[in-house]
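# Inside the fold
The primary structure of each chain is shown beneath.
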Amino acid sequence: REPMPLQMPATWPSHVAAVTASSRDGRVVTWGASFRRRRARANAPADVGYISTACGSGLSCALHKSGRVVTWGDSSEHQRDGAPRDAGYVAISCGFRHSVALHKDGRVVCWGDNRQHQLDDAPTDAGYFEIKCGYKHTVALRNDGRVVTWGSNDYNQLANSPTDAGYVAIACGYNHAIALHSDGRVVTWCDAQWNQRADAPTDAGY
């Protein structure tokens, strides 16, 4: 059989969601655990035209090229019924039981679990161009290169985030986060029990 070309899949410890490459029209492909109907064929979108996916605990999201956000799986914390219904979104990310979408106008929209203020502490202004979710926290990057964080602060995910500007990319792990500065430096903060900070590079050029 011809291998199925996939774009970079989104993963959670128990399931995966990916979209086929453009030659396959952007179909959503899922596999992994079926608990809470994560991978049930009837729940994943059957149409084509998807460009990215994101996975949370029992939940999957897909972003359509039209800018629509489609969700399926668990909705015990409103992970499905709280998703945005309008179009115009350009990026999605999932945490444990909360999700975030970035609109083309620079707004950030959050839904799902709010027990660690993942929703009510989200920024209400525009001007963002990248979003990433950790376990129960979220990091967003503003057009001016400043990093904004909200949600859980159990591992100082908020208190220790960088306060200067000039950042060009961000990423999140379980309880830690990373930002890449325009000068090539890598800045890490939060949980360090597995040397997420101590082993980070200290030189520039990245």
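Parameters at a glance
Residues numbered from 1 in each chain as written. Predicted model: local features only at pLDDT ≥ 70, side-chain atom pairs only at ≥ 80, totals over all residues. Heavy atoms only, no water. Helix = DSSP H or I, 4+ residues; strand = E, 2+ residues; numbered from the N terminus. Buried < 20%, exposed > 50% of the residue type's maximum accessible area, 1.4 Å probe, protein only. Areas by Shrake-Rupley, 256 points an atom, 1.4 Å probe, with all protein chains shown as cover. Salt bridge = Lys/Arg side-chain N within 4 Å of Asp/Glu carboxyl O. Pairing = 2+ DSSP bridges. Axes fitted to C-alpha atoms, helices over the stretch in contact; angles between N-to-C directions. Core = buried A, V, L, I, M, F, W, Y, C linked by side-chain atoms within 4.5 Å. Contact = heavy atoms within 4.5 Å.

Moving on, we come to the overall build of the protein. When helices and strands are tallied, the protein shows zero helices and 15 strands. In the protein, which comprises 206 residues, the share counted as buried stands at 50%. Here the protein has roughly 10,000 Å² of accessible surface; of this, 50% comes from carbon and sulfur atoms.

This model, assessed by the stated rule, comprises nine salt bridges. With its nearest N and O atoms 2.9 Å apart, the salt bridge here joins R146 to D144. Residue R146 is classed as partly exposed on the basis of its relative accessible area of 34%. Taken together, the salt bridges that share partners define one network made up of D125, R142, D144 and R146.

Overall, antiparallel pairing links the three strands, which are arranged β13-β14-β15 in an open sheet. Of all the strands in the sheet, the pair left with one neighbour each is β13 (167-172) and β15 (186-190). With strand direction ignored, the average angle separating the axes of adjacent strands in the sheet is 20°.

The next thing to look at is the nonpolar core. Listed in full, the 12 residues of the largest apolar core are A54, L59, C61, L63, V69, A83, Y89, I92, C94, A101, V109 and W111. Listing elements by their share of this core, those giving two or more residues are β5 (59-64), β7 (89-94) and β9 (108-112). Residues contacting C61, with those up to four places away along its chain left out, are S52, T53, A54, V70, T71, W72, I92, C94, S99 and W111. One finds C110, A122, I131 and C133 within the second-largest nonpolar core, a separate group that totals 11 residues.

Phi at H117 is positive, roughly 65°, even though this residue is not glycine. Here H117 lies in the loop between β9 and β10 (128-133). Relative accessible area serves as the criterion here: at 40%, H117 is assigned to the partly exposed category. Residue N156 is not a glycine yet carries a positive backbone phi of 60°. Assignment of secondary structure puts N156 in the loop between β12 (147-151) and β13.

Quick look at the environment of T188 now. For T188, the location among the structural elements is in strand β15. For T188, a relative accessible area of 18% puts it in the buried group. As a C-alpha pair, T188 and A177 span 11 residues in sequence and 5.8 Å in three-dimensional space.

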